[in-house]
Amino acid sequence: MNQQMSSLPIPSQVIETLRSAGHVAVLTGAGVSAESNIPTFRDAQTGLWAKYSPEELATPQAFRRNPQLVWDWYAWRRELVSRADPNPGHFALVELAGLVPKLTLITQNVDGLHQRAGSDDVIELHGSITRIVCSSDRRVAETWSEAGETPPRCPDCDSYLRPDVVWFGEALPTQALHRAFQAAETCDLFLSVGTSALVHPAASLPFTALERRTPTIEINPDETPLTPHATFVLPGPSGQILPALVAGLKN
Ligand code: APR
């Protein structure tokens, strides 16, 4: 039976569990970027994009059918992200990495905010909209022109360029997935932060930890399928809870 707890201050049991952890695995979702004013994946799309659902745009079929529409949606999201800043939750994870013996950061987010906050070796399960690749051989394009025809074309093979993200129906990057499950299988504390825990295989990671009786902490203002199973539930915004966790660890 997990213990629903007030989000702040952090109960001492949680701090002691964090303090005694040798390897902390962290899975983040769109909620960790919500306080950077980046709409979570399932929030309503705004403005021009309100009439589309992400599921209609983030697919290989949509890109084949209307490459310009899909490219323009991602260009809009890149613009949103470029105007956003990492929030205290992102920075708290950078600090946490320096306070525990080992931290593995796994994210479903494609906004690159963990890296901009200073996290390194981030496992990006769903890729990154900040990287553009050739749609034919997936090699990263260092430069591309936003003027003229969109999507721009690969300078080497003339195929369309595309964002380096995992679309619905596409396989996740095998190495990232392997590393993520390896961390879930070997860590001694798992944090699930700002994810609806709905989309597999990422959503299986906390359950992989729980199967090994690894303490699992969920940080989310709302309930998710993980909530009834988590060892500790800290209901609230990660931009407040993660800094409070770090502050408790440092005391
Ligand atoms: N702090 C923490 N969690 C928050 C906050 C916040 N400030 N604000 C919202 N949340 C929670 C929501 O309650 C929700 O449970 O973040 C979660 C966001 O869920 P989704 O929008 O489903 O995003 P995510 O879990 O990352 O989706 C997983 O699904 O659609 C695919 O590829 C897409 O990467 C995405 C994946």
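Starting from 1, residues in each chain are numbered consecutively following that chain's sequence as written. Residue-level local features of this predicted model are given only where pLDDT is at least 70; pairs of side-chain atoms are given and counted only at 80 or more, and the full residue set underlies all totals for whole chains, interfaces and linings. To obtain the side-chain values, all non-hydrogen atoms of the structure were included, while hydrogens and water were left out.

Right, let's talk about the pairing of strand S8 (residues 216-219) for a bit. With burial as the criterion, each face of S8 is covered, one bearing Thr-216 and Glu-218 and the other bearing Ile-217 and Ile-219. Sheet topology places strand S7 (residues 189-193) next to S8; 4 bridges connect them, and they run parallel. In the sheet register, Leu-191 faces S8, and the bridge partner there is Ile-217. For the crossover from S7 across helix H8 (residues 204-211) to S8, the handedness is right-handed. Pairing between strands is defined by DSSP: at least two bridges between the two strands are required. Strands here are runs of E lasting at least two residues and helices are runs of H or I lasting at least four, both read from the DSSP assignment and numbered beginning at the N terminus. As paired strands, S8 and strand S9 (residues 232-234) are joined by 3 bridges and run parallel to one another. Residue pairing across strands places Ile-217 opposite Phe-232, the latter belonging to S9. Whether a residue is buried, partly exposed or exposed follows from its accessible area with a 1.4 Å probe, protein chains only, as a fraction of its type maximum: under 20%, in between, or over 50%, in that order. Looking down the strands as they point away from you, a crossover is right-handed if its path from the first strand over the helix to the second goes clockwise.

This brings us to the domain arrangement of the protein. Domains assigned within the protein are domain 1 (1-38 + 86-126 + 172-251) and domain 2 (42-83 + 129-165). Together, the buried faces of domain 1 and domain 2 total about 710 Å²; carbon and sulfur atoms form 51% of this surface. For this analysis, a salt bridge means a side-chain nitrogen from Lys or Arg found within 4 Å of a carboxyl oxygen belonging to Asp or Glu. Seen at the junction of domain 1 and domain 2, the total is 1 salt bridge. The partner of Glu-124 in a salt bridge is Arg-131, with the nearest N and O atoms 2.9 Å apart. Between N or O atoms, a polar contact is any pair within 3.5 Å; within protein, one atom must be a potential hydrogen donor and the other a potential acceptor, and residues adjacent in sequence are included only when both atoms are from side chains. For the interface between domain 1 and domain 2, the tally reads 3 residue pairs in polar contact (both at pLDDT 80 or more). Looking at the side of domain 1 that touches domain 2 residue by residue, the class counts come to 4 nonpolar, 2 polar and 3 charged. Where each domain begins and ends follows an automated or database-derived domain assignment. Note on terms: buried area is the combined drop in 1.4 Å-probe accessible area of two parts once they are placed together, counting the loss on both. For this classification, the nonpolar set comprises Ala, Val, Leu, Ile, Met, Phe, Trp, Tyr, Cys and Pro, the charged set comprises Asp, Glu, Lys and Arg, and every other residue, Gly included, is treated as polar.

This part is about the side chain of Thr-208. Structurally, Thr-208 can be placed in helix H8. Excluding residues within four positions of it along the chain, Thr-208 makes contact with Phe-181, Ala-184 and Glu-185. Residues count as neighbours in contact if any of their non-hydrogen atoms are within 4.5 Å of one another.

With that out of the way, let us pick up the environment of Arg-212. Its place among the elements puts Arg-212 in the loop between H8 and S8. Here the alpha-carbon distance between Arg-212 and Ala-184, two residues 28 residues apart in the chain, equals 9.2 Å. Contact partners of Arg-212, with chain neighbours within four places excluded, come to Ala-184, Glu-185, Thr-186 and Cys-187.

To continue, consider the packing of helix H1 (residues 12-19) against helix H9 (residues 238-250). In the contact formed by H1 and H9, the axes pass within 9 Å of each other and the chain directions differ by 70 degrees. By the angle between their directions, the pair H1 and H9 is classed as roughly perpendicular. Across the interface between the two elements, Val-14, Ile-15, Leu-18 and Arg-19 of H1 pack against Leu-245, Gly-248 and Leu-249 of H9. Axes here mean lines fitted to C-alpha atoms, for a helix over just the part in contact, with angles spanning 0 to 180 degrees between N-to-C directions. Roughly parallel means an angle under 35 degrees; roughly antiparallel means over 145; roughly perpendicular covers 65 to 115; every other angle is labelled oblique.

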